[in-house]
Every structure is written in C-alpha cells, then in structure tokens.
Amino acid sequence: MRRCAAALLGQRARRRWLHLIVGGALFMPFWMVGTVVVGMLLGEGGLFTGSLPLQFGAYAVGLPLVAVAALFPLARPISVAMARALCGLPADTLADGPARGREAKARTAGWLTLHLGAGALISGASLALPPFAVSVLALPFSPALRESELGRLWGLDRPWWTWAAVPAGLLMLLALAAVAAVTGALLARQAPRLLGPSPADRLAAAERRAAEAESRNRLARELHDSVGHALSAVTLQAGAARRVLDGGAGADLEFVREALTAIEETTRRTVGELDWVLGLLRRGDRSGEGPGPGPGLEALEVLVRGAGPKVALTVSGDLAPVPEALSREAYRIVQEGLTNAARHAGGEPVTVRLDARTEKVEITMENPLPARPPVARPNGGHGLPGIAERARLLGGTAEAGPADGVWRLVVGIPR
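Owing to the predicted nature of the structure, the values given are computational and were not obtained by experimental measurement. (Residues numbered from 1 in each chain as written. Predicted model: local features only at pLDDT ≥ 70, side-chain atom pairs only at ≥ 80, totals over all residues. Heavy atoms only, no water.)

**A word on the sheet that holds strand β4 (residues 397-403)**
Formally: Think of it this way: DSSP has to see at least two bridges between two strands before they count as a pair. Going along the chain from the N terminus, every DSSP run of H or I of four or more residues is numbered as a helix, and every run of E of two or more is numbered as a strand. Helix axes are fitted to C-alpha atoms over the stretch in contact, other axes to C-alpha atoms as well, and angles between N-to-C directions run from 0 to 180 degrees.
The sheet built from 5 strands is open, its strands ordered β1-β2-β3-β5-β4 with mixed pairing. With partners counted over all chains shown, the strands left at the sheet margins are β1 (311-316) and β4, one partner each. The sheet shows a mean angle of 10 degrees between the axes of neighbouring strands, taken without regard to direction. Bridging between strand β2 (residues 350-355) and strand β3 (residues 360-368) involves 5 bridges; their strand directions are antiparallel. Residue pairing in the sheet places Thr351 in a bridge with Glu366 of β3.

Here it is, written out as structure tokens:
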C-alpha cells in the first residue's frame, strides 16, 4: 500500500513538472518579444547570448503580455484542460468555457501569468541545471574537467574538496526535483481558486441542469401519459372482451367487435403520439427539424371513444379559440385522468366535462369509488403529480380527491 501511494505521488509530481515545462514553452514567444524590447533599450542583441539583465528584463516584460493574452476567450478552456490533465485536479473544481465577467477574466489572467511565469523559471532550470550537476559529479573522475574552467571554479587545489563535488551534484539534482514538486503543488493548490467557477458560471450551470431536468421531466410526462394510457385502455378493453367471450354461445359479439375496434384505434393513435414524443429526443439532430405539435382537444372524442363505452364526454363552449399549448396540455390531462380512472376504478362509469365558455378552461372528471380499494403499484403514483405539474406550468390549478363516494378531479387553466 505504501509503495502504491509513493508511486502515485511520484507520478503526480512528474505530471505537474511537465505542466510547468509546458508553461515555460508557452512563455517563449512572450520572452522573445521582451528580448527585442529590452535589447533595444540596453543596446544588446541576441536571444540566448545576451547579458543576465537582458534575460531577466525580457522575463519582466513578457509577464504583462501573458496577462493581456489571458483575456482571449480560449485562454481559460485551454488552461483548464491542461490543469485537469496534468495537475490531477477533480473536474468539478474547475470551470468550463470562456471566462465571463471582470472577476473571472482577472482570475484567468492571474493563473496564466503564474503558470507561465513559474513554468519559465522551472523549465529554464530543468534545461540548465542537470548538465551542470552532472559535470560537477564527474569532476573527480575526469582530468579534462578538473583542468577546465569548471575545475578552477570549484577549487580543486584542495584535494579533499574534489570528492565533495559528488554529493554536491546529487544535491543539485535533488534540489531541482524538490523545487519543481513544491512549485507544482502550490500551482495545483491555486488552480481551483483562479480557474474555479465564478458565481455567473455556477448560475449558468444551475440553469443548464434545470433545463435538462425539465426536458427529462417533460419526456417522462409525455411517455407516461400517452403510452401509459394506451396500455391501460388496451388492457381493459381486452379484458372486457375476454370476459364476454367466456360467456359461451350467448356472448355479445357486437361488444367484442367494439372492444377490438377501440383497441385498434388506441394503438394506432398511440403510435403517432409515440413518434411525436420520440421526435422530442431528435431535436438535437443536424437536420434541425423538431417534431410537429402533439394531439390537442380536437382529438378528445377519439380519446374518449377508445377509453370504452362507460366514459361520457360533455363539452361546453367553442374549442377552436383555445391556444395550441393549452389544448395539448388539456388533452394530456384528460388522458392521464382516464388512465387513473381505468387503473383505480376499472369498470366504473367516468364523466368528463370540459368547459371553455369563460377565460378559464375547466376540466372536471368524476368516477364512483370502487367497492374495493385499488392495489398500490410499487412504482406508481406519478399521474396526479404530473397533472398538477402540467396545470402549474400554465398558471392553473389542479385538485383531486374523494368526496361523497365519488373521486373528483378539477383542473382550471387560464387562457
């Protein structure tokens, strides 16, 4: 276990070191621009042969240029992608998409400046220090190195000091690795603060989640109301036809014929409704064509006829002026009400009254309570909440419950 933890820490440190080296590579264009600017002021030239003031002056000029470049929209997505891949940070701690707002842009500029600035120093040390440390390590074993400028700089006139070059070279390499690991850890610790989501990002993410949840809920309502109603109606009609046929030679074949006709109409209508619901899932296709409108109150008579002979429909007022969205939702409410009545009071007569004479469309559904209470389904209970949700989305109300031996559903939706 300890060996695995040590290996994981070592891998994380190496990836963060690589993250710093990538930052140094990205800093090169800004450093080159700074070299030109500072070289003109100091009267020096050359990218890698200039004096130390030229190099550090170019570094100081390049940092503000990095902060300006961080204002471009792609700066934060690229920085987040690198931080997630190389710093080992959880995905939810960093923001997605371009920075929006002054605060987010300022934090992105701070991160990019910190990343590229620290990366330039660490990558420069990673290029220069290992060859120097290896040369120091080889001093006691190489006469050529002992006679070189490095040997004179090391002070080989003292023999005991010659062998001190071995631990000194090793310490240089260890110090480089330690500094790179500490710098990478500090940079990773600052990433959530500088690249994390701002309040605007959190709000946008919450709105996206709410929209996705609403889309899922809408699809669930449509599937529940259309397919659920069809299955309930077909089950009841098929059961009634079977019971009539079980009566023997005196069976009412006309009733059986009507039940089979209702099953045929219900399944045909449900196939069309299912195509419409599945069309909602295809809105994101490249064709860009959404599904046509779903069924509305104009199809209410067909819906009631398919529910069986014990369903009575009464319509008051003209349905033509009813808005399309309200018409579709009212159709679904009646459909779900019939499904509930079929499941919980199968065989009892159902009355459906639709009043469109005022500024509010009122739907009233009643059926006698069955002699035996219905058996609760393990995954049931979505019908009435779905009706209430449909009514609430249009600014209406829905009330349901038993009263005087009758189950009554009353829905009112303003136009």
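**Digging into helix α2 (residues 52-69)**
Each full turn of the α-helix corresponds to 3.6 residues, which orients residues three or four apart in the same direction. The condition that has to hold: By this rule the span expected of a helix is its residue count minus one, scaled by 1.5 Å. Between buried and exposed lies partly exposed: a residue is buried under 20% and exposed over 50% of the maximum accessible area for its type, with that area taken using a 1.4 Å probe on protein chains only.
Compared with an ideal rise of 1.5 Å per residue, which puts 18 residues at 26 Å, α2 spans 26 Å between its outermost C-alpha atoms and is within 8% of the ideal. For α2, every residue scored as buried is listed here: Leu54, Gln55, Gly57, Ala58, Tyr59, Gly62 and Val66.

**Considering the pairing of β4**
Sheet topology places β4 next to strand β5 (residues 406-414); 7 bridges connect them, and they run antiparallel. In the sheet register, Ala403 faces β5, and the bridge partner there is Val406. Linkage of β4 to β5, two consecutive antiparallel strands, is achieved through a turn of 2 residues, within which Asp404 is found at a positive phi near 55 degrees.

**So, the packing of helix α4 (residues 102-137) against helix α8 (residues 165-195)**
What counts, and what does not: Throughout this description, any angle smaller than 35 degrees is read as roughly parallel, any larger than 145 degrees as roughly antiparallel, any in the 65 to 115 degree range as roughly perpendicular, and the remainder as oblique. Each residue is assigned to one of three groups, with Ala, Val, Leu, Ile, Met, Phe, Trp, Tyr, Cys and Pro labelled nonpolar, Asp, Glu, Lys and Arg labelled charged, and all others, Gly among them, labelled polar.
For the pair α4 and α8, the least separation of the axes is 10 Å and the interaxial angle reads 170 degrees. What the angle tells us is that α4 and α8 run roughly antiparallel. Taken together, the residues of the contact of α4 with α8 sort by class into 24 nonpolar, 7 polar and 2 charged.

**Some details on α8**
Put simply, the test is: Bend is the name given here to the angle between axes fitted to two runs of seven residues, the run ending at a residue and the run starting at it.
Between its first and last C-alpha, α8 extends 43 Å over 31 residues, near the 45 Å set by a 1.5 Å rise per residue. Along its length, α8 reaches its greatest deviation from straightness, about 30 degrees, at Arg189, and the proline Pro192 lies no more than four positions downstream. For α8, the set of buried residues is Ala165, Ala168, Gly169, Met172, Leu176, Ala180, Gly184, Leu187, Ala188, Ala191, Leu194 and Leu195.

**Let's talk about the confidence of the model for the chain**
Selection criterion: Confidence scores labelled pLDDT are given residue by residue by the predictor and lie between 0 and 100. By definition in these notes, contact holds between two residues if any of their heavy atoms fall within 4.5 Å.
Averaged over the chain, the pLDDT score is 79; the fraction of residues at 70 or greater is 79%. Mean pLDDT values for the elements of the chain range from 68 in helix α7 (residues 159-162) up to 92 in α4. For residues 284-291, every residue scores under 50 in pLDDT, and the model assigns this stretch 6 contacts once sequence neighbours within four places are set aside.

**What to know about the nonpolar core**
Selection rule: Put simply, buried Ala, Val, Leu, Ile, Met, Phe, Trp, Tyr and Cys residues joined by side-chain atoms within 4.5 Å make one nonpolar core.
Counting 26 residues, the largest nonpolar core has Leu338, Ile363 and Val411 as its most contacted members. Counting residues per element, the ones that place at least two in this core are α11 (300-306), α12 (324-344), β2, β3, α13 (383-393) and β5. Ranked by residues supplied to this core, first place goes to α12 with 7 residues. Of all hydrophobic cores here, the second largest spans 15 residues; its members include Leu20, Leu94, Ala118 and Leu194.

**Looking at a nonpolar patch on the surface**
Applied cut-off: Like-charged residues within 9 Å of one another, or nonpolar side chains (Val, Leu, Ile, Met, Phe, Trp, Tyr) within 5 Å, are grouped into patches, provided each residue has over 30% relative accessible area and no salt bridge. Only the protein chains shown count as cover for residues, with accessible areas throughout obtained via the Shrake-Rupley method and a probe of 1.4 Å. By definition, a salt bridge exists where a carboxyl oxygen of Asp or Glu is found within 4 Å of a side-chain nitrogen of Lys or Arg.
Among the surface-exposed residues, Val33, Val37, Leu41, Leu42 and Leu65 lie close enough to one another that they form a single nonpolar patch of about 430 Å² accessible area. The biggest single contributor to the nonpolar patch is helix α1 (residues 2-42), with 4 residues. Position of Leu41 among the secondary structure elements: in helix α1. Residue Leu41 is classed as exposed on the basis of its relative accessible area, which comes to 71%.

**Points about the packing of helix α3 (residues 75-86) against α4**
Stated formally: Handedness of each helix crossing follows the sense of rotation of the near helix against the far helix: counterclockwise by less than a right angle gives left-handed, clockwise gives right-handed.
Close contact between α3 and α4 brings their axes to 10 Å; oriented N to C, the two are set at 50 degrees. By the criterion of interaxial angle, the relationship of α3 to α4 is oblique. In the packing of α3 onto α4, the handedness of the crossing is left-handed. Along the contact surface, α3 presents Ala75, Arg76, Ser79, Met82 and Ala83, while α4 presents Ala104, Thr108, Trp111, Leu112 and His115. Residue classes in the contact of α3 with α4 are distributed as 6 nonpolar, 3 polar and 1 charged.

**Here's the deal with the pattern of salt bridges**
By the definition in use, this model includes 7 salt bridges. Across the pair Asp355 and Arg357 runs a salt bridge, and its minimum N-O distance is 2.9 Å. Each of the salt bridges in this network shares a partner with another, and the network as a whole consists of Arg353, Glu366 and Arg408.

**A look at the pairing of β2**
Looking at chain direction, β1 and β2 are connected through 6 bridges and run parallel. Residue pairing in the sheet places Thr314 in a bridge with Arg353 of β2. Where β2 folds back on β3, the antiparallel hairpin that results is connected by 4 residues.

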